[in-house]
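# Close look at the chain arrangement
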Amino acid sequence: MRALLQLLARRVAEPVGWTKVRRLEADKTLPLRIGMKQQNLHMLDELLMSVSHPDSLDSTVAAIKEWLTGTGFAGDRIRVLPSKGWIEVNATVGEVEYLLGTEYHVYEHTSGAKQLGCHEYSVPDHIRDHVEMIKPTVQLNTRVPEDPRRLRKRANPSHLGQPSGANGPKTNGVKVNAKPTLDECDQFLTPDCLRALYNFYYTPKATDKNSYGIVEFTPQAYLAGDLDLFFKNFSSSLVGKRPTLVSIDGGVLQTSNQTFDDNGESDLDLEYAMTLTNPQPITLLQTGDLIEGASFDNFLDALDGSFCTFEGGDDPDQDGIYPDTEPGGFNGTSCGIIKPPHVLSISYFQDEGTAPHPYAVRQCNEYGKLGLLGTTVLYSSGDSGVAGGGGVCQNSTGLNDPGGGLNEDRFNPAFPASCPYVVAVGATQINSGSTVHDPESASDRVIFSGGGFSDIFPIPSYQQAAVSSFLKTHSPPYSAAHIKLIDIFKARGFPDLSANGANYVTAVNGEFSLTFGTSASSPVVGSMIAMINDARIAAGKGPVGFINPAIYSTKFADAFNDITSGNNPGCGTDGFTAVKGWDPVTGVGTPNFGKLLPLFLSLP
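My aim in this report is to walk through the structure given alongside it, one point at a time. As the structure is a computational prediction, the values presented were derived from the model and not from experiment. The residue numbers shown here count from 1 along each chain, following its written sequence. Given that the model is predicted, a residue must reach a pLDDT of at least 70 before its local features are reported, and side-chain atom pairs must reach 80 or more before they are shown or counted; all residues, however, enter totals for whole chains, interfaces and linings. The side-chain numbers reported here are obtained from all heavy atoms of the structure, hydrogens and water having been left aside.

## What about the nonpolar core?
The nonpolar side chains of a soluble globular protein tend to be buried with one another. Core analysis: the largest hydrophobic core is formed by 156 residues, its most contacted members being Trp67, Phe299, Ile346 and Tyr367. The greatest single-element share of this core, amounting to 9 residues, is contributed by helix H11 (residues 518-538). Working definition of a nonpolar core: buried Ala, Val, Leu, Ile, Met, Phe, Trp, Tyr and Cys residues. They are joined through side-chain atoms within 4.5 Å. For the exposure calls, accessible area comes from a 1.4 Å probe over protein chains only, and a residue counts as buried if that area is under 20% of its type's maximum, exposed if over 50%, partly exposed in between. Counting residues in each nonpolar core, the second largest holds 5 residues, with Phe349, Ala417, Ala424 and Phe494 among its members. Elements are defined by DSSP. Helices are runs of H or I of four residues or more, strands are runs of E of two residues or more, and each kind is numbered from the N terminus.

If you want it as C-alpha cells, here you go:
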C-alpha cells in the first residue's frame, strides 16, 4: 500500500523549444536513481557567518529500501551504488508513476529530438528528509527509449564551453589597430585603464604561496599566439609565459576551431588576469573532454574529491559523466586532483530555471564549503539584464523565446551567480566622453549587467539590510508577472559588486578586437582579490575566503564606488535601476583597490 505523498520537486521552467506531445508508455523501463540527502546542511550558513559530511548513511539506506519494498519492489531489484550516494532500481514507467504520484510524458524539441520527464513528483513525508533528488524526473535530458533492453542514457551535460550566443563574452566587431591611451578608455579599455579606474596598483610579494585559478570549459580554449600578441603590447615580461594547466576530466586546449566564440572567453580571461597580477602564476582549470563536455560540478569534483560521490555525485542530466567510454573520450576521473586556489573566477552561467532545485542547492553548498577553506569564488552575473542567456525570459509555462509576451514575461536569474555563497560580479562602463576619473554607469553597450533576485535561494543575512533598503526606497513596479516564486523581500539579490565590462581590447584569433561582458568583470575583480591575498600572505595572514559579509558591512562601504546611473532591461521591461547603495544592477558598486587593501589587511 502506498503511503500519502508530499511534493518533493517541481520543474521550475521548461527549456526553450520543448513541447509536451504525449504520455510515455507505461511498459517502458526507467533506470530510477534516488539520491540520498546530505546531513547537517543547516549548519553551513552559521559556520560561514560547519558543514559536515554524513558519518553514516545506514538509516537513510534502510528507510529508502523499506519504502521501495513496501511499494512492491523486490529486494533483489534494489542496489546501492558504489558511491554510497545513490540507490538504483530498474522499474517500468507505470511503477515509477505509482511510486512518485506523477505522470511521465514525451517532450519534443523543435529540432525533432525527444526526451522524457515529469513535471513534478512526490514522496512520503517520512522519506523527504532522506531523499535529495530522484531521476529521471523533472530534468528534460533523458532520451525516450526505443527498446527497454537497450536503455542506458548517455549523459547530456550543459556543455558550457560550446560556442553560444547565450553564454560567453560578446564583440561588436570593431578592430583595434593602434595601442590606445588613457585618454581613450571610454572607447578602448586596457589594463592601464583598469588600474587607473580602480586605483589598482600593486606588485605581488608572495607569489610562491598565493594562488589564482581561472576555470574554462572545453572546447573553449586560449590560443598561445593571442596571449603573446596581447602581452607584447600590454605586459612585455609575460611574452612566452602560459598559465599552469590542470586538465580536469580530459580538458584540452583545442586549436582545431579558431573563432571568437571558441577562443574569446579564454583569451579574455587569461590576458587580463595574467597582466593585472603579473608575476603571479595563474592556474587554468580546463574542464571536460571534447566528447562529453562538462558543467560546474565537474570542476568542483577536482577541488573536493568527496564531492565526486557526495549525494550520488555528478548528475547525468546536468554534468559530464566520467569515465567517458566513447571513442576519443577521457576514460578516467578527476576527483580531488588539485587543492582549491585561493581565488576562483568563472565567467560562465546557466539560467537558474534550468537547474533543478536540489541540484542547485547541492552545488551552492559546495561553494560555501570552499569559502570555509579560504577560497573566494567569483561568478559573472550574466549579460542580458533581468533576462536569461540570450535574452530568454520565463512565463507561466516555462522559458520563453526572446521578446515574448510583455505582460507574461518573468525575469530569469542566473545561476550560480544567484547562490549566496559566491561573489556575483556585474558590469559597468565608462560613459562616452568620460574619463577614468568620472563616475561609471551600469553597462548598456552591447550587454546589460545581469541582476535581480533568485527564484531558489533565500536572502542571506549579510545582505538583508542592503536589499531591504533598496526595496523600501526604490520599490520596483513589478508583480508576480515578472518576479517569480519567491517574495523578493525574502530572496537572494545579485550581483554583489561590479567592474567594467565594456570595450575591452582583447587579442583574439591574431587580431585586436573589442570585447564586452561580465565575463571580463569577474576575472578583473578576481585579480584584485588575489592581490589582496598576496598582501595578507606576505603579512603572515591567510587568504580572505568568503568576502560577502565584509563587502556588505558599513566598514567597507567607502571602499566601493557607488554606481547611481543606468539599468538592466529585459523581458519587456526596464529591469532595475542603479541607485545609491546596493542595487540589483551593480551591487554595492565597483572596488577601489587602494581602499580595500588596508581594510582587508586589518582583518584577522
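## Remarks on the state of the cysteines
Note on terminology: disulfide denotes any pair of cysteine sulfur atoms within 2.5 Å. Applying the stated criterion across every chain yields a total of 4 disulfides. Linked covalently through their sulfurs, Cys393 and Cys571 form a disulfide whose S-S length is 2.1 Å. Judged by the torsion about the S-S bond (-105°), the Cys393/Cys571 disulfide is left-handed. Linking Cys393 in strand E18 (residues 393-395) with Cys571 in the loop between strand E28 (560-561) and strand E29 (590-591), this pair joins segments that are 178 residues apart in sequence. Pair check on accessibility: Cys393 and Cys571 agree, each one buried. Counting its disulfide-bonded cysteines in sequence order, the protein chain shows a connectivity of 1-2, 3-4, 5-7, 6-8.

## Things to note about unusual backbone geometry
Here Thr218 and Pro219 are connected by a cis peptide whose omega angle stands at 15°. Relative to the elements of secondary structure, Pro219 occurs in the loop between strand E12 (212-217) and helix H6 (224-234). Cis rather than trans, the peptide bond between Phe415 and Pro416 has omega equal to 10°. Along the chain, Pro416 turns up in the loop between strand E20 (414-415) and strand E21 (423-429). Even without a glycine there, the phi angle at Asn503 is positive, about 65°. The class of Asn503 is buried, set by a relative accessible area of 6%. Of note, Cys571 is a non-glycine position whose phi angle comes to about 55°, a positive value.

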